[in-house]
Amino acid sequence: MGTGAELTQIIDGCKSGDAECFAQVVDLYGPRCYGYFYRLTGDRDLIDELLSELFMKLVEKIASYKGGSFESWLFRIASNIFHDHLRGRKRQKKLVEGRRAELELRPVEAAQSDLTPDKADRLQTQLSRLDADTRDLIVLRYYSELSFKEIAEMRSEPLGTALSKLHRGLKKLRELMEG
Amino acid sequence: MRDRNYDELRELLTRFTDSSDAGSTERDIRAGDSLFDMHPAPQAAPETLATIKRRISVRLGMPRRHTHPLYRYVGAAAAVIAMALIGFFGRSAPEQPRVSYASLIPAAIWDSDDLVSDDAELAYFRSELRHIETQMQALEAGDGELVAAGSLDEVELELIRIDTQFWKE
(Lines give C-alpha, C1' and ligand atoms only; values in the text may rest on other atoms or scores of the structure.)
Protein backbone atom coordinates (compact mmCIF):
# COMPACT_ATOMS: atom_id res chain seq x y z
CA MET A 1 0.00 0.00 0.00
CA GLY A 2 1.36 3.38 -0.89
CA THR A 3 2.12 6.07 1.62
CA GLY A 4 -0.39 8.75 2.49
CA ALA A 5 1.33 11.26 0.22
CA GLU A 6 1.35 8.83 -2.70
CA LEU A 7 -2.31 8.07 -2.21
CA THR A 8 -3.16 11.77 -2.08
CA GLN A 9 -1.32 12.23 -5.37
CA ILE A 10 -3.23 9.34 -6.93
CA ILE A 11 -6.56 10.68 -5.72
CA ASP A 12 -5.74 14.13 -7.06
CA GLY A 13 -5.03 12.48 -10.39
CA CYS A 14 -8.39 10.71 -10.24
CA LYS A 15 -10.11 14.00 -9.53
CA SER A 16 -8.58 15.46 -12.66
CA GLY A 17 -9.87 12.48 -14.68
CA ASP A 18 -6.61 10.59 -15.13
CA ALA A 19 -7.46 7.00 -16.11
CA GLU A 20 -4.01 5.81 -15.04
CA CYS A 21 -4.63 7.04 -11.48
CA PHE A 22 -7.98 5.23 -11.38
CA ALA A 23 -6.18 2.11 -12.57
CA GLN A 24 -3.80 2.47 -9.63
CA VAL A 25 -6.74 2.72 -7.23
CA VAL A 26 -8.18 -0.44 -8.78
CA ASP A 27 -4.85 -2.20 -8.24
CA LEU A 28 -4.53 -0.93 -4.67
CA TYR A 29 -8.05 -1.62 -3.45
CA GLY A 30 -9.53 -4.06 -5.97
CA PRO A 31 -8.22 -7.21 -4.25
CA ARG A 32 -9.47 -6.17 -0.78
CA CYS A 33 -12.83 -5.05 -2.10
CA TYR A 34 -13.06 -8.34 -3.98
CA GLY A 35 -12.43 -10.21 -0.71
CA TYR A 36 -15.04 -8.08 1.04
CA PHE A 37 -17.71 -8.82 -1.57
CA TYR A 38 -16.68 -12.46 -1.74
CA ARG A 39 -17.13 -12.99 1.98
CA LEU A 40 -20.52 -11.28 1.86
CA THR A 41 -21.92 -13.04 -1.17
CA GLY A 42 -19.81 -16.09 -2.06
CA ASP A 43 -20.92 -15.71 -5.66
CA ARG A 44 -18.07 -14.98 -8.06
CA ASP A 45 -20.20 -13.66 -10.91
CA LEU A 46 -21.99 -11.33 -8.57
CA ILE A 47 -18.71 -10.12 -7.06
CA ASP A 48 -17.45 -9.08 -10.49
CA GLU A 49 -20.65 -7.13 -10.98
CA LEU A 50 -20.49 -5.44 -7.56
CA LEU A 51 -16.80 -4.67 -7.89
CA SER A 52 -17.34 -3.08 -11.27
CA GLU A 53 -20.23 -1.04 -9.91
CA LEU A 54 -18.07 0.10 -7.00
CA PHE A 55 -15.32 1.49 -9.21
CA MET A 56 -17.74 3.08 -11.66
CA LYS A 57 -19.35 4.75 -8.66
CA LEU A 58 -15.89 5.87 -7.57
CA VAL A 59 -15.39 7.61 -10.93
CA GLU A 60 -18.74 9.29 -10.52
CA LYS A 61 -18.24 10.39 -6.93
CA ILE A 62 -14.53 11.09 -6.62
CA ALA A 63 -15.10 14.84 -6.80
CA SER A 64 -17.14 14.63 -3.60
CA TYR A 65 -14.28 13.04 -1.65
CA LYS A 66 -13.06 15.82 0.62
CA GLY A 67 -10.21 14.14 2.43
CA GLY A 68 -10.15 12.00 5.56
CA SER A 69 -9.79 8.25 5.40
CA PHE A 70 -10.09 7.22 1.76
CA GLU A 71 -10.56 3.59 2.79
CA SER A 72 -13.46 4.53 5.00
CA TRP A 73 -15.02 6.52 2.15
CA LEU A 74 -14.50 3.72 -0.38
CA PHE A 75 -15.80 0.96 1.87
CA ARG A 76 -18.82 3.05 2.74
CA ILE A 77 -19.67 3.09 -0.96
CA ALA A 78 -18.96 -0.66 -1.17
CA SER A 79 -21.24 -1.31 1.78
CA ASN A 80 -24.01 0.82 0.24
CA ILE A 81 -23.67 -1.05 -3.04
CA PHE A 82 -23.97 -4.38 -1.26
CA HIS A 83 -27.03 -3.26 0.69
CA ASP A 84 -28.62 -1.85 -2.46
CA HIS A 85 -28.03 -5.23 -4.05
CA LEU A 86 -29.73 -6.98 -1.13
CA ARG A 87 -32.72 -4.66 -1.38
CA GLY A 88 -32.89 -5.27 -5.13
CA ARG A 89 -32.78 -8.98 -4.49
CA LYS A 90 -35.65 -8.77 -2.01
CA ARG A 91 -37.59 -6.70 -4.50
CA GLN A 92 -36.91 -9.22 -7.26
CA LYS A 93 -38.01 -12.03 -4.99
CA LYS A 94 -41.21 -10.15 -4.32
CA LEU A 95 -41.79 -9.70 -8.05
CA VAL A 96 -41.05 -13.32 -8.82
CA GLU A 97 -43.33 -14.52 -6.05
CA GLY A 98 -46.07 -12.21 -7.31
CA ARG A 99 -45.64 -13.51 -10.82
CA ARG A 100 -45.58 -17.10 -9.65
CA ALA A 101 -48.82 -16.67 -7.73
CA GLU A 102 -50.29 -15.01 -10.77
CA LEU A 103 -49.39 -17.91 -13.02
CA GLU A 104 -50.23 -20.48 -10.35
CA LEU A 105 -46.92 -22.16 -10.75
CA ARG A 106 -45.61 -24.66 -8.28
CA PRO A 107 -43.00 -23.15 -5.98
CA VAL A 108 -39.53 -23.88 -7.19
CA GLU A 109 -37.46 -26.29 -5.10
CA ALA A 110 -36.96 -25.20 -1.51
CA ALA A 111 -36.00 -21.69 -0.63
CA GLN A 112 -32.51 -21.10 -1.83
CA SER A 113 -30.20 -19.28 0.47
CA ASP A 114 -29.43 -15.67 -0.34
CA LEU A 115 -25.83 -16.72 -0.29
CA THR A 116 -24.38 -19.30 -2.60
CA PRO A 117 -21.11 -20.06 -0.87
CA ASP A 118 -18.25 -21.80 -2.51
CA LYS A 119 -18.58 -25.36 -1.24
CA ALA A 120 -14.88 -25.79 -0.81
CA ASP A 121 -14.60 -22.77 1.43
CA ARG A 122 -15.52 -23.76 4.96
CA LEU A 123 -15.13 -20.30 6.39
CA GLN A 124 -17.59 -19.00 3.83
CA THR A 125 -20.12 -21.66 4.80
CA GLN A 126 -19.85 -20.87 8.49
CA LEU A 127 -19.92 -17.13 7.86
CA SER A 128 -23.22 -17.52 6.06
CA ARG A 129 -24.66 -19.02 9.25
CA LEU A 130 -24.13 -15.77 11.13
CA ASP A 131 -26.77 -13.08 10.97
CA ALA A 132 -26.31 -10.61 8.12
CA ASP A 133 -25.45 -7.66 10.35
CA THR A 134 -22.73 -9.48 12.27
CA ARG A 135 -21.32 -10.95 9.08
CA ASP A 136 -21.19 -7.49 7.55
CA LEU A 137 -19.39 -6.09 10.59
CA ILE A 138 -16.79 -8.85 10.75
CA VAL A 139 -16.08 -8.80 7.03
CA LEU A 140 -15.99 -5.02 6.84
CA ARG A 141 -13.47 -4.80 9.67
CA TYR A 142 -11.20 -7.46 8.27
CA TYR A 143 -11.08 -6.29 4.67
CA SER A 144 -11.36 -2.54 5.10
CA GLU A 145 -8.74 -2.51 7.88
CA LEU A 146 -10.57 0.48 9.30
CA SER A 147 -10.30 1.36 12.95
CA PHE A 148 -13.16 0.53 15.29
CA LYS A 149 -13.97 4.20 15.59
CA GLU A 150 -14.30 4.52 11.82
CA ILE A 151 -16.40 1.37 11.60
CA ALA A 152 -18.72 2.42 14.41
CA GLU A 153 -19.11 5.81 12.78
CA MET A 154 -19.80 4.28 9.38
CA ARG A 155 -22.48 2.04 10.88
CA SER A 156 -23.88 4.85 13.05
CA GLU A 157 -23.43 2.64 16.07
CA PRO A 158 -21.95 3.30 19.53
CA LEU A 159 -18.38 2.09 19.79
CA GLY A 160 -19.14 -0.32 22.65
CA THR A 161 -21.98 -1.90 20.67
CA ALA A 162 -19.83 -2.49 17.60
CA LEU A 163 -17.08 -3.92 19.75
CA SER A 164 -19.31 -6.33 21.61
CA LYS A 165 -21.10 -7.43 18.40
CA LEU A 166 -17.74 -8.14 16.82
CA HIS A 167 -16.52 -10.06 19.82
CA ARG A 168 -19.66 -12.21 19.98
CA GLY A 169 -19.62 -12.72 16.20
CA LEU A 170 -16.00 -13.81 15.97
CA LYS A 171 -16.37 -16.09 18.97
CA LYS A 172 -19.44 -17.70 17.39
CA LEU A 173 -17.61 -18.06 14.09
CA ARG A 174 -14.71 -19.79 15.79
CA GLU A 175 -17.09 -22.19 17.56
CA LEU A 176 -18.78 -22.97 14.24
CA MET A 177 -15.42 -23.61 12.60
CA GLU A 178 -14.35 -25.89 15.41
CA GLY A 179 -17.67 -27.67 15.67
CA MET B 1 -4.85 -6.94 10.25
CA ARG B 2 -2.65 -3.99 10.90
CA ASP B 3 -1.01 -3.58 14.28
CA ARG B 4 -2.45 -0.13 14.81
CA ASN B 5 -5.91 -1.72 14.89
CA TYR B 6 -4.86 -4.03 17.70
CA ASP B 7 -3.40 -1.10 19.62
CA GLU B 8 -6.72 0.66 19.29
CA LEU B 9 -8.55 -2.55 20.20
CA ARG B 10 -6.55 -2.93 23.41
CA GLU B 11 -7.22 0.66 24.36
CA LEU B 12 -10.96 0.31 23.70
CA LEU B 13 -11.20 -2.96 25.58
CA THR B 14 -9.68 -1.44 28.68
CA ARG B 15 -12.20 1.36 28.38
CA PHE B 16 -15.25 -0.86 27.88
CA THR B 17 -14.42 -3.99 29.87
CA ASP B 18 -12.70 -5.09 33.09
CA SER B 19 -9.01 -5.64 32.78
CA SER B 20 -9.53 -9.38 33.36
CA ASP B 21 -12.09 -9.58 30.50
CA ALA B 22 -10.04 -7.36 28.22
CA GLY B 23 -7.34 -10.00 27.80
CA SER B 24 -9.72 -12.84 26.96
CA THR B 25 -11.78 -10.64 24.61
CA GLU B 26 -8.65 -9.60 22.75
CA ARG B 27 -7.61 -13.25 22.42
CA ASP B 28 -11.07 -14.16 21.06
CA ILE B 29 -10.94 -11.37 18.51
CA ARG B 30 -7.40 -12.21 17.41
CA ALA B 31 -8.35 -15.89 17.08
CA GLY B 32 -11.36 -14.91 14.98
CA ASP B 33 -9.20 -12.71 12.77
CA SER B 34 -6.71 -15.50 12.29
CA LEU B 35 -9.48 -17.60 10.73
CA PHE B 36 -9.54 -15.12 7.88
CA ASP B 37 -5.75 -15.26 7.62
CA MET B 38 -5.90 -19.06 7.43
CA HIS B 39 -8.73 -19.08 4.88
CA PRO B 40 -7.91 -16.30 2.44
CA ALA B 41 -10.63 -15.30 0.01
CA PRO B 42 -9.91 -16.10 -3.65
CA GLN B 43 -8.05 -13.46 -5.57
CA ALA B 44 -9.74 -11.27 -8.12
CA ALA B 45 -8.99 -12.54 -11.60
CA PRO B 46 -6.62 -10.20 -13.47
CA GLU B 47 -9.22 -10.06 -16.28
CA THR B 48 -11.80 -8.75 -13.84
CA LEU B 49 -9.58 -5.85 -12.81
CA ALA B 50 -8.56 -5.26 -16.43
CA THR B 51 -12.22 -5.10 -17.48
CA ILE B 52 -12.94 -2.56 -14.75
CA LYS B 53 -10.01 -0.41 -15.84
CA ARG B 54 -11.20 -0.58 -19.43
CA ARG B 55 -14.70 0.49 -18.43
CA ILE B 56 -13.29 3.39 -16.42
CA SER B 57 -11.26 4.55 -19.44
CA VAL B 58 -14.35 4.36 -21.61
CA ARG B 59 -16.34 6.32 -19.06
CA LEU B 60 -13.66 8.98 -18.76
CA GLY B 61 -13.42 9.21 -22.51
CA MET B 62 -17.13 9.80 -22.94
CA PRO B 63 -17.85 13.37 -24.06
CA ARG B 64 -19.88 15.32 -21.58
CA ARG B 65 -23.15 16.53 -23.01
CA HIS B 66 -23.39 20.28 -22.75
CA THR B 67 -26.39 22.10 -24.06
CA HIS B 68 -25.45 25.14 -26.03
CA PRO B 69 -26.71 28.30 -24.20
CA LEU B 70 -28.51 29.38 -27.35
CA TYR B 71 -30.65 26.23 -27.28
CA ARG B 72 -31.50 26.87 -23.66
CA TYR B 73 -32.68 30.43 -24.43
CA VAL B 74 -34.65 29.27 -27.46
CA GLY B 75 -36.21 26.48 -25.40
CA ALA B 76 -37.18 28.84 -22.59
CA ALA B 77 -38.68 31.35 -25.04
CA ALA B 78 -40.65 28.58 -26.76
CA ALA B 79 -41.98 27.40 -23.41
CA VAL B 80 -43.12 30.93 -22.49
CA ILE B 81 -44.85 31.36 -25.87
CA ALA B 82 -46.52 27.95 -25.58
CA MET B 83 -47.79 28.75 -22.08
CA ALA B 84 -49.10 32.14 -23.22
CA LEU B 85 -50.92 30.50 -26.16
CA ILE B 86 -52.42 27.85 -23.91
CA GLY B 87 -53.55 30.55 -21.49
CA PHE B 88 -55.10 32.63 -24.28
CA PHE B 89 -56.83 29.93 -26.29
CA GLY B 90 -57.40 27.62 -23.39
CA ARG B 91 -60.14 29.82 -21.90
CA SER B 92 -62.50 29.51 -24.83
CA ALA B 93 -61.69 25.92 -25.60
CA PRO B 94 -64.22 23.28 -24.62
CA GLU B 95 -63.42 21.51 -21.42
CA GLN B 96 -61.08 18.65 -22.06
CA PRO B 97 -61.29 15.43 -20.12
CA ARG B 98 -58.92 15.62 -17.16
CA VAL B 99 -55.78 13.59 -17.42
CA SER B 100 -54.31 12.28 -14.22
CA TYR B 101 -50.71 11.26 -13.97
CA ALA B 102 -49.65 8.54 -11.60
CA SER B 103 -47.01 9.54 -9.11
CA LEU B 104 -43.77 7.61 -9.24
CA ILE B 105 -44.02 7.18 -5.49
CA PRO B 106 -47.00 5.03 -4.51
CA ALA B 107 -49.81 7.02 -2.94
CA ALA B 108 -49.87 4.58 -0.04
CA ILE B 109 -46.54 5.97 1.15
CA TRP B 110 -47.95 9.46 1.53
CA ASP B 111 -51.01 8.15 3.35
CA SER B 112 -49.08 5.90 5.65
CA ASP B 113 -47.59 6.69 9.04
CA ASP B 114 -45.37 3.64 9.02
CA LEU B 115 -41.99 5.31 8.56
CA VAL B 116 -39.94 2.11 8.77
CA SER B 117 -41.85 0.37 6.03
CA ASP B 118 -42.01 3.54 3.92
CA ASP B 119 -38.27 4.03 4.20
CA ALA B 120 -37.75 0.50 2.97
CA GLU B 121 -40.06 1.13 0.01
CA LEU B 122 -38.22 4.32 -0.86
CA ALA B 123 -34.91 2.52 -0.52
CA TYR B 124 -36.13 -0.10 -3.02
CA PHE B 125 -37.19 2.69 -5.31
CA ARG B 126 -33.79 4.37 -5.11
CA SER B 127 -31.93 1.13 -5.69
CA GLU B 128 -34.17 0.44 -8.66
CA LEU B 129 -33.30 3.79 -10.18
CA ARG B 130 -29.59 3.25 -9.51
CA HIS B 131 -29.73 -0.14 -11.14
CA ILE B 132 -31.41 1.26 -14.22
CA GLU B 133 -28.98 4.17 -14.27
CA THR B 134 -26.03 1.78 -14.21
CA GLN B 135 -27.52 -0.25 -17.04
CA MET B 136 -28.18 2.86 -19.10
CA GLN B 137 -24.64 4.11 -18.52
CA ALA B 138 -23.22 0.77 -19.58
CA LEU B 139 -25.32 0.92 -22.73
CA GLU B 140 -24.26 4.49 -23.42
CA ALA B 141 -20.66 3.48 -22.93
CA GLY B 142 -21.27 0.89 -25.64
CA ASP B 143 -20.36 -2.04 -23.46
CA GLY B 144 -20.42 -4.80 -26.06
CA GLU B 145 -21.15 -7.59 -23.61
CA LEU B 146 -24.16 -5.89 -22.14
CA VAL B 147 -25.59 -4.83 -25.45
CA ALA B 148 -25.08 -8.31 -26.83
CA ALA B 149 -26.78 -9.80 -23.80
CA GLY B 150 -29.92 -7.85 -24.65
CA SER B 151 -29.61 -5.36 -21.81
CA LEU B 152 -31.76 -2.85 -23.59
CA ASP B 153 -34.63 -5.31 -23.49
CA GLU B 154 -33.92 -5.99 -19.83
CA VAL B 155 -34.02 -2.30 -18.95
CA GLU B 156 -37.27 -1.95 -20.84
CA LEU B 157 -38.75 -5.00 -19.12
CA GLU B 158 -37.60 -3.66 -15.78
CA LEU B 159 -39.38 -0.38 -16.40
CA ILE B 160 -42.54 -2.20 -17.46
CA ARG B 161 -42.43 -4.32 -14.34
CA ILE B 162 -42.06 -1.29 -12.10
CA ASP B 163 -44.89 0.40 -13.88
CA THR B 164 -47.25 -2.53 -13.85
CA GLN B 165 -46.55 -4.54 -10.79
CA PHE B 166 -44.34 -3.36 -8.02
CA TRP B 167 -45.68 0.11 -7.31
CA LYS B 168 -49.26 -1.08 -7.31
CA GLU B 169 -48.63 -3.24 -4.28
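Residues numbered from 1 in each chain as written. Chains lettered and ligands numbered in written order. Predicted model: local features only at pLDDT ≥ 70, side-chain atom pairs only at ≥ 80, totals over all residues. Heavy atoms only, no water.

1. Some remarks on the interface of chain A and chain B
Then, number 1: Counting residues at the interface gives 56 residues for chain A, matched by 49 residues for chain B.
Then, number 2: Surface buried jointly by chain A and chain B totals about 5000 Å² across both partners, of which 64% is contributed by carbon and sulfur atoms.
Then, number 3: A per-residue breakdown of the area chain A buries against chain B is headed by Met56, Arg91 and Tyr142 of chain A, which together make up 14% of the total.
Then, number 4: The interface formed by chain A and chain B contains three salt bridges. (Contact = heavy atoms within 4.5 Å. Buried area = accessible area lost by both parts, 1.4 Å probe. Salt bridge = Lys/Arg side-chain N within 4 Å of Asp/Glu carboxyl O.)

2. Description of the nonpolar core
Then, number 1: Counting 69 residues, the largest nonpolar core has Tyr36, Phe37, Leu54, Phe55, Leu58 and Phe70 of chain A together with Phe36 of chain B as the members making the most contacts within it.
Then, number 2: If one sorts the elements of this core by residue count, helix α2 (residues 19-41) of chain A sits on top with 11 residues.
Then, number 3: Sequence-distant contacts of Phe37 of chain A, that is, excluding residues within four places in its chain, are made with Gly42, Ile47, Leu50, Leu51, Leu54, Ala78 and Phe82 of chain A. (Core = buried A, V, L, I, M, F, W, Y, C linked by side-chain atoms within 4.5 Å. Buried < 20%, exposed > 50% of the residue type's maximum accessible area, 1.4 Å probe, protein only. Helix = DSSP H or I, 4+ residues; strand = E, 2+ residues; numbered from the N terminus.)

3. Notes on helix α8 (residues 159-178) of chain A
Then, number 1: The end-to-end C-alpha distance of α8 of chain A, which contains 20 residues, comes to 29 Å, matching closely the 28 Å that a straight helix rising 1.5 Å per residue would cover.
Then, number 2: Looking only at α8 of chain A, the buried set comprises Leu159, Ala162, Leu163, Lys165, Leu166, His167, Gly169, Leu170, Leu173, Leu176 and Met177 of chain A. (Expected span 1.5 Å × (residues − 1).)

4. Examining the packing of aromatic side chains
Then, number 1: Counted under the stated rule, the structure contains nine aromatic pairs over all chains.
Then, number 2: Measuring from centroid to centroid gives 5.5 Å for Tyr36 of chain A and Phe75 of chain A, while their planes differ by 85 degrees, and the two rings are edge-to-face. Here Tyr36 of chain A is found in helix α2, whereas its partner Phe75 of chain A is found in helix α4 (residues 70-103), with 39 residues between them in sequence.
Then, number 3: Residue Phe75 of chain A is classed as buried on the basis of its relative accessible area of 0%.
Then, number 4: A centroid spacing of 6.2 Å and a plane angle of 80 degrees characterise the contact between Tyr143 of chain A and Phe36 of chain B, whose relative ring orientation is edge-to-face. Here Tyr143 of chain A, found in helix α6 (residues 132-144), pairs with Phe36 of chain B, found in helix α2 (residues 19-38), and the two come from separate chains.
Then, number 5: Residue Tyr143 of chain A is classed as buried on the basis of its relative accessible area of 8%.
Then, number 6: Taking the ring centre of Tyr6 of chain B as reference, the NZ or CZ of Arg30 of chain B above it sits at 3.9 Å. (Phe/Tyr/Trp six-rings, centres within 6.5 Å; stacked < 30°, edge-to-face > 60°. Lys NZ or Arg CZ within 6 Å of the ring centre and 35° of its normal.)

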